[in-house]
Each structure stands twice: as structure tokens, then as C-alpha cells.
Amino acid sequence: MPKRILIVDDEPRYLRLLEANLRTEGYEVSTAQDGMQALDVFSTQPIDLVLLDVMMPRLDGFGVCQRLREFSTVPIVILTARGEEQDRVRGLDLGADDYLVKPFSATELLARVRAVLRRARPPVETATGQARFFIHGDLKIDFARAEVWRGEDPVSLSATEYRLLLQFTHHVGKILTSEDLLGSVWGAEYKNDKEILWVSIARLRQKLENDPHAPSHIVTRSGLGYLMPPIEE
Amino acid sequence: MDLHTLSTLHSIFREVQQKQDWKVALDTLFVSLRDTFVFDNVAVFLENPKDKSREVVYARAVGRGKTAEADAVWGDSVASEAIARDTMVLSQPAQPLKKTTGRLNLACLLGFPLHIGAKLSGALVFVRFGGPQYTPLHIELASLQAFWAAALIERRDLQQARAELDSVQRQMRLQDDFVSTISHELRTPLGFIKGYSTSLLREDTTWDEATRREFLNIIDEEADRLTRLIEDMLESARLQSKTLQFKFSPIRVDALMRDVATRIGARHAGLKVNFDFQPLPPIRGDGTRMAQVFENLFNNALKYAPNSEIRIVTEATDDKVRIVFADGGEGISAEYLPFIFERFYRVPGERTVTGTGLGLYICKQIVMAHHGNIWVESVLGEGTTFVIELPVSSTL
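Participant: So what's going on with the overall build of chain A? Residues and values would help.
Facilitator: Scanning chain A from terminus to terminus reveals 8 helices and 11 strands. Looking at chain A residue by residue over its 233 residues, the buried ones come to 47%. Considering only contacts within chain A whose residues lie at least 6 apart along the sequence, 56% involve residues at least 24 apart. Entry remark: accessible area of chain A is about 11300 Å², with carbon and sulfur atoms responsible for 49%.

If you want it as C-alpha cells, here you go:
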């Protein structure tokens, strides 16, 4: 089956360039002109590789990369017009598999695409594997849009609260210690600031739980840590 | 501490801290405690950290020293001593004071070292002419004021340091933005030229004739865009650095506008222009540069409002001529209007049309060099209107 590649760039001439060359190699091509559109296309079509421009309106390439990595292991190649090292490092740190600095030649582009596809592991099918949506009782998360609902009501979370929530959704059924959570959400220098975590979890429960005193999404295991219990089927 | 004292201190504290200027804050501090602690002169000496020289940075004569001017004692030596010994220095005449003469020569001096940050940086000296001698309560209050003065001076230093830092950061950010915009603007056409030419050079595939022509056209257009971009950048750099020479002479902007319209019309058969000209007095201007402004407006209209009629109105008032240039295109959303004369700014979503983001910046710079004004009005779905006003000089 031919591989399908999603090209994301706000310049129609780049879309045309990439599409024309990729088709000569037998790839199927989907296109998007901004970051939000890219996430929408990604969640409606099976995509084997994403070619992602950085400078785009609405949601830039780094943002798309970050969101995709919250629920997908799809290979991502960043196309950047800026050759600065910090941009390349940022892209790779956010989970991109490779990068290509504009201007690039058509043959180099095709070679990179072949190499990244060769290295790509088959998609992982786990609870959160490639799924855009996460459901836990009445809690629903759209990773692509970074949106959270409780039942029918949208929940507004701060960036830190959202990152904290993702720690739980990515490790359902596993007890996470205060040090784990503080280290991965706030950073290593906050590892001993337990009180910050307490306040944040209390606020998260206020927003997510029907009864914050009898939580069902984020449960305390005294002396051990916190967990999101697995949902009984 | 009783409630009255506490609330007095509280209100003094609030009043002093609210003063943004450190000298005004010091004035407020000394005045507010003067009921309890009377003095005639006060001076603050600070050491210059570079060469250790000492300078007076604040001095007030509020009492008997008011009329003595430079003849009065300001406690320079007491300041030296306070700094040298890093302790309070009290210097007052031992013998009882006579009220008759020489009051100004009998000074009671009280000096305190000032610690700013962790450093011993200067001294504050109170002067009282002819007594009475300082009591322990006076000394305590004076000490409090000296300590507070040091804190106010430290606040001034921090404010200055932060302002300098802010300004350096702003400069750096502007430079960063400029460099990254330039490199992005240059790389975009270069990226197309490289991408499409290497596509045509691929040996492992063949392109049909229509695709080859399409790619070659794109390469050609992008090479032109690069050329234009470089020309515009040089022009805008000259405008920015004010090295662009203007040759001013009496010009008629209405005739100039007609010339430009004819020239553009020769290249674009579809151009429709509706003139509504009131006769204009001649103005002082650079004809070549003003023609460039009008050309830019035409080119924008052709790009962003293709197929729409352009309506040009000229009006004259007592001291100004006004040119109104209106298209009937899609218009520009109000949120983008404030930025469209900025260097490199392009309305988002207009990427299908090639452009450099420099044209209107150049227009504005040229109009401003004529002491005129240019602005834009736009209604979505109805069109965009540029208005240029130029002064009519009395001496042409």
C-alpha cells in the first residue's frame, strides 16, 4: 500500500513543489496550509509521515509537533526556513525525527523522506497510542486541540494544569510520585516543592471532578503518590 | 509603640514610597519628620565607584542656612569621617551657645555612613546651626532617615539599571527581528528557485511539458521577486538611514498621478481608473520619489484588488493637497490596518500574492520626507482607500 504523506506549509508554492516530487515516487499526498488544519487532516486520514513547515499562521510547526507527540508516534520532518541551531534543536527536542533547512534540493528531500520512513517503527496500538481523543469516565481530552471536557462542558485549564493532566493520561493505572510529577511538569529544581503540586492537584480536581472530595480521575494513594485509575470496561 | 506613632509612621512611609523621583521622595521624608527632628541643612555625599571621588548628590537648606548659601557648613569633613570609620559621627561644640553672633559658625553636625546594597557608598550629614544639641531621640530619628535615604537611593540605582537593561534588550530584539525577517524573506524565493530547479534537474524522473513550463515560470517569477526584494531593501535601508537624497522642486501631483496611471495602464490592459480631479496648486516635492509612491499604490491595487476600478480624487485646502486612492477590492481586516505601513509587515493570508512587505513602508517614508501624511481606511468587502496629504509650501 502506498505511504501517505501530510505536507503542511502556508506557501502554496511549497505545497506544489513537495507534492509534485513526492508523487513521482509513488507517495499519496495530503496537504494543510496551517497548523490547526494539519491536526484536523491528521485525525481523519491515516498518515505515515508529516512534512512540517515551522513559520505558519494559527499554530506554528513547533506547536503541531508538540501536540502530535501527545498522542502519536508518526514520523515528523521539520522544514525550516531558518538555519539557526536553536530552531533545529527545538524541533528535535519536541519530537521531530529529522529536519530539512530551506532552501533544499528535491533529491535531498526525497532521500530524507525515504530514510525517515525506513527508520519508522510500525505504529503502536496502545490505550493512547495513536488516538486523538482520550476518554476517562465523563472526562474527555482532544490531544490535537489540547481541549478538555467534563461531560458536555468544556474545561479551561492553565498550561501547567494541562501538562499535569497529561502525566496521568499517559500513565493510566500507574502511581506517580510527587517527585515524578514535579520533575516532569515543573522541572528538576521544583522536586521538593510538594505544596505546589498539592495546590495544583486540588485545582485540577475542582475543575475535573464531580466531587473533588471523592475524586474519580486523580486519586491519592497516601504516602505513595497519585494515579488515574484504569476504567473498568 | 502607641497607635498614634504607628499610624504617623505608616502614613509617612506610604507618602515617601509613593514618590517615584528619589529626590522628591527624600524631600518628603525630611519634611514629614521635621516636626520632631529639626535641622537646617542636609546633604548626601556619594562615592563614585570608579575613582573613589566623593560628590554631593542631594543637598537642602531648609532652616537658618537658607540665606547663607555656599558660606554655610555642609559637613564635608564629617561625611569623610563617617565613611572612613563606617560609623555615626557626632560633632557639636562643647561650650554653651550664645544666641548673639556667629550662629552659622557653630554648627552641630551629625553624619551617617550610607550602605547601598552591601557596599559602603557614601554619607548623609545633618547640620544644625547654633544648637540645640542633638538628643538621643533626634539621633535615633536621624539614623532612621539616613537608613531610609540609602534605601531610596538604592531604588533609584535599580530603576536606572533596569531602564538601561530594558533599552538594551529592546535594541537586541529589534535587531533579531530584523535579521530573522530579512533571512526569511530572502530564503523564501531562494527556496523556490532551488527546489523547482533541482526538481527539473532530477535524473530519476521526467516531467511533462506543461509541468516543466510551470516550474520554469515559478523560477523566473521568484528570481524577479528576489531582485525586487533586494532593490526594495536597499531603498528602505537608505530611507531608514536618511541617506536617500531628495531633490525638491515645484511639482504638480495631479499631473504626476496621470503620468503614472498612463504608464501602468500601458503595461496592464485591464486597469480601469476613474479620475475626479480638483485643480491642485503646485507643491515642493521630489517628482521621482512621489511617482514611486503612486506606482506602489497602483501595484498594490493590481495585486490585491484585481479587476476592480480605481478611483482617484484630488482636493486642495488652504495649506494642503489631498490625494485619495480607492480600490473596490476585498478590503483589509481592521485588526491588520495599524501595521500595514511597518517595515516587512504583510497581511496574513496574502501569501498567494508575492510581495516584500516593504512597499507601503517606503511610501510612508517618502511621504513623511515631504512633511506629509499617509493613512489607510478599509471596509471588508467594499475596498481599501489610501489618503495622502502633502503641505503646500508658501515658498516654492
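Text resumes after the structure shown.
Participant: Go over the sheet that holds strand β12 (residues 383-391) of chain B with me, naming the residues and quoting the values.
Facilitator: All names here are of chain B. Spatially, the 5 strands line up as an open sheet ordered β7-β9-β10-β12-β11, and their pairing is mixed. Every other strand in the sheet has two partners, leaving β7 (273-277) and β11 (373-379) as the edge strands with one partner each. This sheet shows a mean twist of 15° between the axes of neighbouring strands, independent of strand direction. Examined bridge by bridge, strand β10 (residues 320-326) and β12 share 7 bridges and lie antiparallel to one another. By the bridge assignment for β12, Lys-320 is matched with Pro-391. Of the strands in this sheet, β7, β9 (310-316), β10 and β12 touch helix α7 (residues 287-304), which is tilted by about 175° from β12.

Participant: With reference to specific residues and values, describe the confidence of the model for chain A.
Facilitator: All names here are of chain A. Residues at a pLDDT of 70 or more form 94% of chain A, whose mean pLDDT is 88. When pLDDT is averaged over each element of chain A, strand β2 (residues 28-32) comes out on top at 96 and helix α4 (residues 85-93) at the bottom at 84. Low pLDDT, under 50, characterises residues 125-129; the predicted model gives this stretch 7 contacts beyond four residues in sequence or across chains.

Participant: I'd like to hear about the interface of chain A and chain B, residue by residue, with values.
Facilitator: Interface size is often expressed as the accessible area that is lost when the parts come together. Counting from both sides, the interface comprises 22 residues of chain A and, opposite them, 24 residues of chain B. Carbon and sulfur atoms make up 57% of the area that chain A and chain B hide from each other, which totals about 2100 Å². Between Arg-16 of chain A and Glu-214 of chain B there is a salt bridge whose closest N-O contact spans 2.6 Å. The interface formed by chain A and chain B contains 11 residue pairs in polar contact (both at pLDDT 80 or more). The greatest single-element share of the side of chain A that touches chain B, amounting to 8 residues, is contributed by helix α1 (residues 12-24) of chain A.

Participant: So what's going on with the nonpolar core? Residues and values would help.
Facilitator: Grouped together as the largest cluster of nonpolar side chains are 75 residues, with contacts concentrated most on Leu-51 of chain A together with Phe-294 and Phe-298 of chain B. Not counting residues within four places of it along the chain, the set of residues in contact with Leu-51 of chain A comprises Ile-5, Leu-6, Ile-7, Val-8, Leu-18, Leu-22, Val-77, Leu-79, Leu-109 and Val-113 of chain A. Counting 48 residues, the second largest nonpolar core, distinct from the first, contains Ala-32, Ile-47, Tyr-162 and Leu-176 of chain A.

Participant: Outline a nonpolar patch on the surface, listing residues and values.
Facilitator: All names here are of chain B. On the surface, Met-1, Leu-3, Leu-6, Leu-9 and Leu-144 cluster together into a nonpolar patch covering about 520 Å² of accessible area. Counting residues per element, the nonpolar patch draws most heavily on helix α1 (residues 3-18), which supplies 3 residues. Examined against the element boundaries, Met-1 turns out to sit in the segment before α1. Given the relative accessible area of 75%, Met-1 is considered exposed.

Participant: Give a description of the pairing of β2 of chain A that names residues and reports values.
Facilitator: Residues in a regular strand project their side chains so that they alternate between the two faces of the sheet. All names here are of chain A. Inspection of the sheet shows strand β1 (residues 4-8) paired to β2 by 5 bridges, in the parallel sense. The partner of Ile-5 across the bridge, within β2, is Val-29. Each parallel crossover has a hand, and the one from β1 via α1 to β2 is right-handed.

Participant: So what about α1 of chain A? Which residues, and what values?
Facilitator: Residues and elements named next belong to chain A. In this model α1 runs 19 Å from its N-terminal to its C-terminal C-alpha over 13 residues, within 8% of the 18 Å that 1.5 Å per residue would give. Listing the buried residues of α1 in full gives Tyr-14, Leu-15, Leu-17, Leu-18, Ala-20, Asn-21 and Leu-22. Just beyond α1, the residue with positive phi is Gly-26, at close to 85°.

Participant: Hey, could you go over the sheet that holds strand β4 (residues 107-116) of chain B for me, with residue numbers and the actual values?
Facilitator: Adjacent strands of a sheet form backbone hydrogen bonds with each other and so pair up, either parallel or antiparallel. All names here are of chain B. Taken together, the 5 strands give an open sheet; going across it, the order is β2-β1-β5-β4-β3, and neighbouring strands pair in antiparallel fashion. If you trace the sheet from one side to the other, it starts and ends with β2 (54-61) and β3 (89-91), each paired once. Geometrically, the sheet is characterised by an average inter-axis angle of 15° between neighbouring strands, direction not taken into account. Sheet topology places β3 next to β4; 3 bridges connect them, and they run antiparallel. Paired with Val-89 across the bridge in β4 is Gly-111. Against the sheet, helix α2 (residues 22-32) engages β1 (41-47), β2 and β5 (119-129), with an angle of about 50° to β2. With respect to the sheet, helix α3 (residues 76-85) is in contact with β1, β2, β3, β4 and β5, its orientation differing from that of β5 by roughly 145°.

Participant: So what's going on with the packing of helix α2 (residues 35-44) of chain A against helix α3 (residues 61-69) of chain A? Which residues, and what values?
Facilitator: All names here are of chain A. Where α2 contacts α3, the axes come no closer than 9 Å and their chain directions differ by 30°. By the criterion of interaxial angle, the relationship of α2 to α3 is roughly parallel. Where α2 crosses over α3, the two elements pack in a sense that is right-handed. Of α3, the residues touching α2 (which contributes Gly-35, Leu-39 and Phe-42) are Val-64, Arg-67 and Leu-68. Here the residues of the contact of α2 with α3 are counted per class, giving 4 nonpolar, 1 polar and 1 charged.

Participant: So what's going on with helix α7 (residues 178-186) of chain A? Which residues, and what values?
Facilitator: Structural remark: α-helix, 3.6 residues per turn; residues separated by three or four positions point the same way. Residue and element names in this part refer to chain A. Taken residue by residue, α7 has Ser-178, Leu-181, Leu-182, Val-185 and Trp-186 as its buried positions. Considered in projection along α7, the buried side chains sweep an arc of 95° and stay on one side of the axis. Lining the buried residues of α7 we find α6 (159-169), α8 (194-208) and β11 (225-227). A positive phi of about 110° marks Gly-187, the residue just after α7.

Conventions adopted
- Residues numbered from 1 in each chain as written.
- Chains lettered and ligands numbered in written order.
- Predicted model: local features only at pLDDT ≥ 70, side-chain atom pairs only at ≥ 80, totals over all residues.
- Heavy atoms only, no water.
- Helix = DSSP H or I, 4+ residues; strand = E, 2+ residues; numbered from the N terminus.
- Buried < 20%, exposed > 50% of the residue type's maximum accessible area, 1.4 Å probe, protein only.
- Contact = heavy atoms within 4.5 Å.
- Areas by Shrake-Rupley, 256 points an atom, 1.4 Å probe, with all protein chains shown as cover.
- Pairing = 2+ DSSP bridges.
- Axes fitted to C-alpha atoms, helices over the stretch in contact; angles between N-to-C directions.
- pLDDT = per-residue confidence, 0-100.
- Buried area = accessible area lost by both parts, 1.4 Å probe.
- Salt bridge = Lys/Arg side-chain N within 4 Å of Asp/Glu carboxyl O.
- Polar contact = N/O pair within 3.5 Å; in protein donor to acceptor, adjacent residues only side chain to side chain.
- Core = buried A, V, L, I, M, F, W, Y, C linked by side-chain atoms within 4.5 Å.
- Patch = residues over 30% accessible without salt bridge, like charges linked within 9 Å, V, L, I, M, F, W, Y side chains within 5 Å.
- Right-handed = clockwise from strand over helix to strand, strands pointing away.
- Expected span 1.5 Å × (residues − 1).
- Parallel < 35°, antiparallel > 145°, perpendicular 65-115°, else oblique.
- Left-handed = near helix turned anticlockwise from the far one by under 90°.
- Nonpolar A, V, L, I, M, F, W, Y, C, P; charged D, E, K, R; others polar.
- Arc of directions from axis to C-beta.

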